[in-house]
Amino acid sequence: MELAAALGGQQIEDDLKRRHPDWPARLAAWENEIASARRGGAASDWSVVSVKNEGDNAQRYVEHPDGSLTAWGYAPTKWESQFQGRTDLQRITAFRLELLTDPNLPLGGPGRSPTGLFGLSEFQVDVAEPARPDKSTRVNLLSASADFDHEPRPLDRMYDDRTGKPRLIGPVVFAIDGKDDTAWGIDAGPGRRNVARQAVFVPSTPIELPQGAILTFHLVQKHGGWNSDDNQNNNLGRFRFSVTNAETPTADRVPRAVGDLLAIPAARRTPDQVATIFSYWRST
């Protein structure tokens with residue numbers, strides 16, 4: 001089956017190249033656009049914040065060596081989870097939320113819904129000085145970017161909560177609009193759903209604390225259905241938090257594996273590397 005899928009993908013790409021003989025020029029233009037964005041901050045250095053679950057919500061988490069967590073066990077459908085960790089970074093210009101795949105999640109995730117997706121209603125951050133951990137301040141998030149957005153659309157009927165109230169799922173800005181009835185979603189369609197994604201959230205002013213900071217991340221998830229026991233959750237599955245002090249941080253639009261290949265001069269790439277880049281580019 002995997003061989004058949006691979007052959008089918010190759011036929012699609014061969015056909016695309018035949019129908020679009022200018023594809024090398026278009027691919028090069030796309031590469032230039034991506035390179036410009038990455039120089040501007042998308043590929044900035046990020047410092048992972050190792051966190052602990054601070055909420056009593058029945059959902060459990062598996063901690064991984066890379067600093068990520070995988071949600072496990074009971075899955076509530078409407079709730080807010082909290083995670084706290086410390087960073088030694090003295091200046092923070094953005095927060096990154098990575099959604100990672102995991103073989104233990106439905107269809108590999110990165111979410112816990114039956115299709116491996118999720119709806120993030122709100123992303124919030126509190127910051128406190130290490131010397132005064134009980135005196136936290138909510139961060140005002142000015143903007144958000146993601147490696148994938150889609151147009152606003154009604155939430156799938158499988159997540160009906162029996163309230164009759166409309167709920168939308170769409171671009172990442174929905175995660176900072178202060179509304180529980182809108183959410184960031186990543187449904188890119190068949191074959192493109194179950195991949196790692198990321199979002200970057202920029203505060204209105206950089207956070208500057210000489211001794212570092214205690215950070216509490218809030219993941220508000222209100223886009224599940226009415227019945228937790230009927231597999232109607234729409235939660236994040238595996239995720240990781242990071243911070244940066246880059247001047248113009250944005251979400252990186254390409255997976256790391258592809259980004260590493262783009263760093264190789266075009267004239268020095270192997271045919272397999274070119275094929276990998278083309279396969280990703282044609283899926284965007």
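Residues numbered from 1 in each chain as written. Predicted model: local features only at pLDDT ≥ 70, side-chain atom pairs only at ≥ 80, totals over all residues. Heavy atoms only, no water.

### A look at the sheet that holds strand β8 (residues 122–128)
The line we're drawing: For two strands to be treated as a pair, DSSP must find no fewer than two bridges joining them. Only DSSP runs of H or I covering at least 4 residues are called helices, and only runs of E covering at least 2 are called strands; the numbering of each starts at the N terminus.
The strand order across the open sheet formed by five strands is β2-β5-β16-β8-β9, and the pairing between neighbours is antiparallel. Only two strands of the sheet have a single neighbouring strand rather than two, namely β2 (51–53) and β9 (137–138). Pairing geometry for β8 and strand β16 (residues 213–221), over seven bridges, is antiparallel. When the bridges of β16 are listed, Asp126 appears paired with Thr216.

### As for the pairing of β16
Stated precisely, the cut-off is as follows: Burial here depends on accessible area, computed with a 1.4 Å probe over protein chains only, as a share of the maximum for the residue type. Under 20% is buried, over 50% is exposed, and the range in between is partly exposed.
In terms of burial, β16 is a largely internal element, nine of the nine residues being buried. On β16, burial covers both faces: Ala213, Leu215, Phe217, Leu219 and Gln221 on one face and Ile214, Thr216, His218 and Val220 on the other are all buried. Two strands pair when backbone bridges link them, and strand β5 (residues 79–87) and β16 are joined in this way by nine bridges, in the antiparallel orientation. Of the residues in β16, the one forming a bridge with Gln84 is Thr216.

### Structural notes on the layout of surface pockets
Applied cut-off: For each structure, a 1 Å grid was placed over the protein atoms alone; sets of points admitting a 1.4 Å probe that cannot get out are labelled cavities, open sets with protein on both sides within 12 Å along at least five of seven lines are labelled pockets, and lining residues have an atom within 4 Å of a point. Grid points are joined across faces, edges and corners, and a volume is the space filled by probe spheres set on the points. The classification used treats Ala, Val, Leu, Ile, Met, Phe, Trp, Tyr, Cys and Pro as nonpolar, Asp, Glu, Lys and Arg as charged, and all other residues, Gly among them, as polar.
Here the second largest pocket is characterised by a volume of approximately 240 Å³. Around the second largest pocket sit 16 residues that line it, and Leu117, Arg153, Asp156, Tyr159 and Asp187 are the ones nearest its centre. For the lining of the second largest pocket, the residue count by class is eight nonpolar, four polar and four charged.

### Structural notes on the environment of Ala251
For Ala251, the position within the fold is in the loop between β17 (238–244) and α3 (256–262). For Ala251, a relative accessible area of 6% corresponds to the buried category. Along the primary structure Ala251 and Phe148 are separated by 103 residues, whereas in three dimensions their C-alpha atoms are 9.2 Å apart.

These figures come from the coordinates and say nothing about function on their own.
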